[in-house]
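Examination of the molecular architecture
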Amino acid sequence: MATTPKRKRGTTRADNQASSDDLLKYYREMLLIRRFEEKAGQLYGMGLIGGFCHLYIGQEAVVVGMQAAASNEDGVITSYRDHGHMLATGMDAAGVMAELTGREGGYSRGKGGSMHMFSKEKNFYGGHGIVGAQVPLGTGIAFSYKYRGENKVCMTYLGDGAVNQGQVYEAFNMAALWQLPVIYCIENNQYAMGTSTQRHSSSPDLYERGKAYGIPGEQVDGMDVLAVKAAGERAVEHCRSGKGPYILELKTYRYRGHSMSDPAKYRTKDELDKMRKEHDPIDMVKKLLIDGDIIDEAGLKDIDKEVKAEVAKAAEFAQNSPEPDVSELFTDILIDA
Amino acid sequence: MPIEVLMPALSPTMTEGTLAKWNVKEGDTVASGDVIAEIETDKATMEVEAVDEGTIGKLVIEAGTENVAVNQVIAYILEEDEDASALDNVSASSEPKKDAAPAKEEESSKEESSDKAPASASSNAAPVSASGAIERSDAEPRAMSVMNATQDEKTYTSFKTQTVREALRDAMAEEMRSDENVFVMGEEVAQYQGAYKVTQGLLDEFGDKRVIDTPITEHGFTGLATGSAFMGLKPVLEFMTFNFAMQAIDQIINSAAKTLYMSGGQLGCPIVFRGPNGAASRVGAQHSQCYASWYAHCPGLKVVAPWSAADAKGLLKAAIRDPNPIVFLENEIMYGQSFEVPDDEDFVLPIGQAKIEREGTDVTIVAFSIMVGKALKAAEQLAEQGISAEVINLRTIRPLDVNTIVRSVMKTNRLVTVEEGWHFSGIGAEIASVAMEHAFDYLDAPVARVTGEDVPMPYAANLEALALPQDSHIVAAAKAVCYR
Ligand SMILES: Cc1ncc(C[n+]2csc(CCOP(=O)(O)OP(=O)(O)O)c2C)c(N)n1
Ligand SMILES: [Mg+2]
């Protein structure tokens, strides 16, 4: 991407040698997210998924790169654009898809929907529908790590639109003040619904938003999984060594509309096509795999087939799983004291 | 089998649309993500992308066709190993696919399921039966979570005199001693010892890891504390006053109260939001408001409002131990008042149980927080006039102790509610409904509500007194329902 990092220079691919296995892993993980989202879009079109459904297509390198830098013990929390994050933390595609269709087999037993899913087991803490609300919540998760002396980090994702919410700065201040192990991952996909960053932010450099609190920030090519991973590792190292929060601005792009019913008329077709053709995160890794003789076209096809099969299975489960029992209406409101 | 491409619904409400344009023709190869068609809905033109890869075998619907139903087959894609002959077996049906779930079907299944739904599992909901008819309870009130064993301070033998302020502090200190996960957070709670000195001494005993001064950041620290509660910590979050919690109400309701439900029971939130609520004295409109009905409105929260020091001690300990988010409404004017408190570390009061502060036979007066004292004073005056008033201290507002209220009304046949907050959608309105639903045949007069006047709180001493419920208002209301 065209943006030149200003403060800290993002690591480029050249100085980051990922192993062949790693590259194959990222390829597969990103492809799973993409195929999953395409399928979700299709099921939405069939009326099987209701309400709001925000797809992550185009942004796959962000969460896959960050998870590559994190450990399984670290926490993840994000907004409503959350399917990719769930798959990247290892949550089961079938359980996620069944939540999208509002079925018993979903992670929230059909009571959360596309925007509200959680997995304590995978340290995934949602799934939040109020723009910006996850930022103090994620900071609180980091607070609990510090309180208990656990050497974990909370990956707290937010959009470029969310950075303008006041509570984000309240959280930045406390995180810096109390040196909490939290990484604020700003997924700058250039738009908050139909409002471009130019139109919503007085300064385009969102990684500098922590400057007033002394929080280091980096701008990263969020379409390049290896650059994300490298920056993620620096951020994780910073947090784990007790130095407090870190901000990563991951410049990325969403290919689809904001949600399923958004025709995305606020941007040009050329802009989208250019991103897809020149910066696609999956194609980028594909090229590395082929050019590096790590795998051939036939091998890639096999991976595609496996991923497709996994997604097809998830979609089938999501359609066959029954709607939640009516008794579920009244469960999980309070815990028995 | 060739892959069917269906007319997609592009919004939650779309049932049909115009197939404006094909961007591909038969024989073209397509891959996932390729735009194959444009569709017009009532709102916008949208692109349709291929989800599968292959060759376009047949375009079933012509470009320009209007009113194409959602889920109708619009094209077939041949997979890699298929040729056109695979299309021989497919009938180009113009009917929407049955196995998909069009909006209509969804609706009817919804109706069905609400038919089967239990009327209500929650204890204080209106008794609407599955058939939709109102059940009128003639004898016993509907089964509530049974809380007949009155567990209150009377069962203790040793007491000490304490202010409400000290009782609150002791409750926190005792729970902090017994559970490492409990911590106190808020503005001025540590070094300053509390804006109202409620957290006095806690910093000394527990240190700054567990008694934490925050910046003036209600929205932020409420979200932060809520996030830590998702992880199993047990924050006691002090709002300098509940007026400032309006900054944070999104986190209290959308995050703390709803996440257990949204997560299918996975993420609990054991947190206490506490601080002074309601009018203090001469602090004007922005610092004098009762939030009881705001929070009591919301499922997923419990709302507690102590009056005496014993209430404060026993209920705050219960609130800290409770695995749910609790809004704990104190009152600044009560902080300095002294009461007898059981001298026992294990003294805990049950949440969800009201207390009959004074027994009577002619009229029931239901009050909470500072209004309990006013109700008791009114009861004295009523006694002098030959009216025997029963005074109920609600202690908990949600879940409401319907049993205690209804039993009392069945005995006295008359009901007065008292609250500092405004009448519209107030706690009194809820209690009046409860009486109507559960004890309609026992009421000998319409329920009377004594509430704050329907105005922002004025500053002038005389006007402020006029805006707030006084003993005299309660006496007048009680006499009115007794037709005296
Ligand atoms: C507090 C709040 N205001 C408005 C909305 C409606 N809304 C949902 S998403 C969105 C845009 C957010 O954009 P961004 O933060 O860039 O995230 P992205 O959707 O690009 O991932 C808006 C305005 C909301 N959910 N919450
Ligand atoms: Mg955005």
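Throughout, a residue's number is its position along its own chain's written sequence, starting from 1. The order in which chains are written sets their letters, starting at A; the order in which ligands are written sets their numbers, starting at 1. It should be noted that, the model being predicted, local features are given only for residues of pLDDT at least 70 and side-chain atom pairs only at 80 or more, the latter also being counted only at that level, while totals for whole chains, interfaces and linings use all residues. Working from all heavy atoms in the structure, the side-chain values ignore hydrogens and water.

Named according to an unreviewed UniProt entry, chain B is Pyruvate dehydrogenase E1 component subunit beta originating from Thalassospira indica. UniProt positions are given in the numbering used here, feature names are shortened, and annotations may be inferred rather than shown by experiment. Here is the UniProt Catalytic activity (unreviewed entry) comment for chain B, exactly as written: "N(6)-[(R)-lipoyl]-L-lysyl-[protein] + pyruvate + H(+) = N(6)-[(R)-S(8)-acetyldihydrolipoyl]-L-lysyl-[protein] + CO2". One UniProt comment on chain B, placed under Subunit (unreviewed entry), says "Heterodimer of an alpha and a beta chain."

Let us look at the overall build of chain B. Working definition: helices are DSSP H or I runs of at least four residues, strands are E runs of at least two. Numbering for both runs from the N terminus. Helix and strand counts for chain B stand at 13 helices and 22 strands. Expressed as a percentage of the 484 residues in chain B, the buried residues total 57%. For this analysis, residues touch if any pair of their heavy atoms sits within 4.5 Å. The long-range fraction of contacts in chain B, counting pairs at least 24 apart against all pairs at least 6 apart in sequence, stands at 75%. Using a 1.4 Å probe, the Shrake-Rupley method yields the accessible areas, and only the shown protein chains count as cover for residues. A total of about 20,000 Å² of accessible surface is found on chain B, and carbon and sulfur atoms cover 49% of it. Burial classification: accessible surface area is computed with a 1.4 Å probe over protein chains only, and a residue below 20% of its type maximum counts as buried, one above 50% as exposed, and the rest as partly exposed.

With that settled, the discussion passes to the packing of helix α1 (residues 20-45) of chain A against helix α2 (residues 60-69) of chain A. Residues and elements named next belong to chain A. Packing of α1 against α2 brings their axes to within 9 Å, and their N-to-C directions diverge by 140 degrees. Judged by the inter-axis angle, α1 sits oblique to α2. Two packed elements cross with a definite hand, and for α1 against α2 that hand is right-handed. Counted together, Y26, E29, M30, I33 and R34 of α1 and E60, A61, V63, V64 and A68 of α2 form the full contact between these two elements. Under this grouping Gly is polar, as are all residues other than the nonpolar Ala, Val, Leu, Ile, Met, Phe, Trp, Tyr, Cys and Pro and the charged Asp, Glu, Lys and Arg. Residue composition of the contact of α1 with α2, grouped by class: 7 nonpolar, no polar and 3 charged. Between the N-to-C directions of two axes lies an angle of 0 to 180 degrees, each axis being a line fitted to C-alpha atoms and, for a helix, fitted only over the stretch in contact. Oblique is the label for every angle not falling under 35 degrees (roughly parallel), over 145 degrees (roughly antiparallel), or within 65 to 115 degrees (roughly perpendicular). When the near helix sits turned anticlockwise from the far one by under a right angle, the crossing is termed left-handed; a clockwise turn instead gives a right-handed crossing.

This paragraph deals with the packing of aromatic side chains. In summary, the pairing rule links any two rings of Phe, Tyr or Trp, Trp by its six-membered ring, whose centres are within 6.5 Å, and it sorts them by plane angle into stacked for under 30 degrees, edge-to-face for over 60 and tilted for everything else. Tallying each qualifying case throughout the model produces 18 aromatic pairs over all chains. With centroids separated by 5.0 Å and ring planes inclined at 40 degrees, the aromatic side chains of F143(A) and F183(B) adopt a geometry described as tilted. Here the residue F143(A) occupies a position in helix α5 (residues 134-147), and F183(B) occupies one in strand β10 (residues 182-186), the pair thus bridging two chains. The exposure class of F143(A) is buried, given its relative accessible area of 6%. Their ring planes at 75 degrees and their centres at 5.3 Å tell us that Y169(A) and F172(A) sit as a pair that is edge-to-face. Placement of both Y169(A) and F172(A) in helix α6 (residues 166-177) is noted, with a separation of 3 residues, approximately one turn of the helix. Residue classification places Y169(A) among the buried positions, given a relative accessible area of 18%. Here the aromatic residues F221(B), F239(B), F242(B), F273(B) and Y295(B) are joined through ring pairs into a cluster of three or more.

Each pair of donors in an ideal four-coordinate tetrahedral metal site encloses 109.5 degrees, whereas pairs in an ideal six-coordinate octahedral site enclose 90 or 180 degrees. Residue and element names in this part refer to chain A. Of the protein atoms, only D160 (OD), N189 (OD1) and Y191 (O) coordinate the magnesium ion (ligand 2), at distances of 2.1 Å. Here the donor residues of the magnesium ion (ligand 2) share one chain and are spaced in sequence as D-x28-N-x1-Y. Here D160 is found in the loop between β3 (154-159) and α6, whereas its partner Y191 is found in strand β5 (residues 191-192), with 31 residues between them in sequence. Take D160: its relative accessible area is 1%, and that puts it in the buried class. Any nitrogen, oxygen or sulfur atom within 2.8 Å of a metal ion counts as a donor, with the limit raised to 3.2 Å for Na, K and Ca, and since water is left out, coordination shells can look unfinished.

Here a residue is near a molecule or strand as soon as one of its heavy atoms is found within 4 Å of it. In the region of ligand 1, 15 residues are neighbours, and Y80(A), R81(A), G129(A), G161(A) and N189(A) sit closest. Here G129(A) contributes a backbone N or O atom positioned 2.9 Å from a nitrogen atom of ligand 1. We define a polar contact as two N or O atoms separated by no more than 3.5 Å, with the added condition that, inside protein, one atom must be a possible hydrogen donor and the other a possible acceptor, whereas residues neighbouring each other in sequence contribute only through side-chain atom pairs.

Turning our attention to the domain arrangement of chain B. Domain start and end points were adopted from an automatic or database domain assignment. For chain B, the assigned domains read domain 1 (3-96), domain 2 (159-342) and domain 3 (355-481). Of note, the centres of domain 1 of chain B and domain 2 of chain B, computed from C-alpha atoms alone, are 57 Å apart.

We now examine the UniProt feature "domain: Lipoyl-binding" (unreviewed entry) in chain B. The UniProt record marks residues 2-78 of chain B with the feature "domain: Lipoyl-binding" (unreviewed entry), using the residue numbering of this structure. Along residues 2-78 of chain B one finds 0% helix and 53% strand; the C-alpha atoms at either end are 5 Å apart.

Think of a sheet as strands paired side by side through backbone hydrogen bonds, with each pair either parallel or antiparallel. All names here are of chain B. Two strands qualify as a pair provided that DSSP identifies no fewer than 2 bridges between them. The sheet built from 5 strands is open, its strands ordered β17-β19-β18-β21-β22 with mixed pairing. The sheet is open, and its two edges are formed by β17 (355-358) and β22 (448-452), each paired on a single side. Neighbour-to-neighbour, the strand axes of this sheet turn through a mean angle of 25 degrees, independent of strand direction. The pairing of β17 with strand β19 (residues 389-393) spans 3 bridges and is classified as antiparallel. Bridged to I356 within β19 is I392. Against the sheet, helix α10 (residues 402-412) engages β17, β18 (363-367), β19 and β21 (415-422), with an angle of about 175 degrees to β19.

Here the focus is the sheet that holds strand β8 (residues 246-251) of chain A. Residue and element names in this part refer to chain A. One open sheet holds the 6 strands; their spatial order is β2-β1-β3-β4-β8-β7, and the pairing between them is parallel. Each having just a single partner strand, β2 (124-127) and β7 (217-221) make up the two edges of the open sheet. Each strand axis lies, on average, 20 degrees off the axis of its neighbour in the sheet, ignoring direction. Bridge count between strand β4 (residues 182-188) and β8: 6 bridges; the pairing is parallel. Considered in β8, the bridge of E187 is made with L250.

Residues and elements named next belong to chain A. Relative to the assigned elements, G138 resides in helix α5. When the C-alpha positions of G138 and T156 are compared, they lie 5.5 Å apart, and in sequence the two are 18 residues distant. Non-local contacts of G138, meaning those with residues more than four positions away in its chain, are made with I77, C154, T156 and V182.

The next subject is empty space enclosed by the protein. All names here are of chain B. A 1.4 Å probe that fits but cannot get out identifies a cavity on a 1 Å grid over protein atoms alone, an open set with protein on both sides within 12 Å along at least five of seven lines counts as a pocket, and a residue lines either if it has an atom within 4 Å of a point. Grid points are joined across faces, edges and corners, and a volume is the space filled by probe spheres set on the points. Tallied over the full model, the rule gives 4 cavities of 30 Å³ or more. Considered as a void within the structure, the largest cavity measures approximately 100 Å³ in volume. Lining the largest cavity are 15 residues, and of these S288, Q289, E420, W422 and M457 lie nearest its centre. Top contributing element to the lining of the largest cavity by residue count: β21, with 3 residues. Partitioned by chemical class, the residues of the lining of the largest cavity number 8 nonpolar, 5 polar and 2 charged. Each of domain 2 (159-342) and domain 3 (355-481) gives at least three residues to the lining of the largest cavity. Considering only enclosed or pocket space, the second largest cavity measures out at about 80 Å³ in volume. Residue lining of the second largest cavity: N277, G278, C290, A305, L329, E330, N331, F368, S369, I370, M371 and E420, and that is the complete set.

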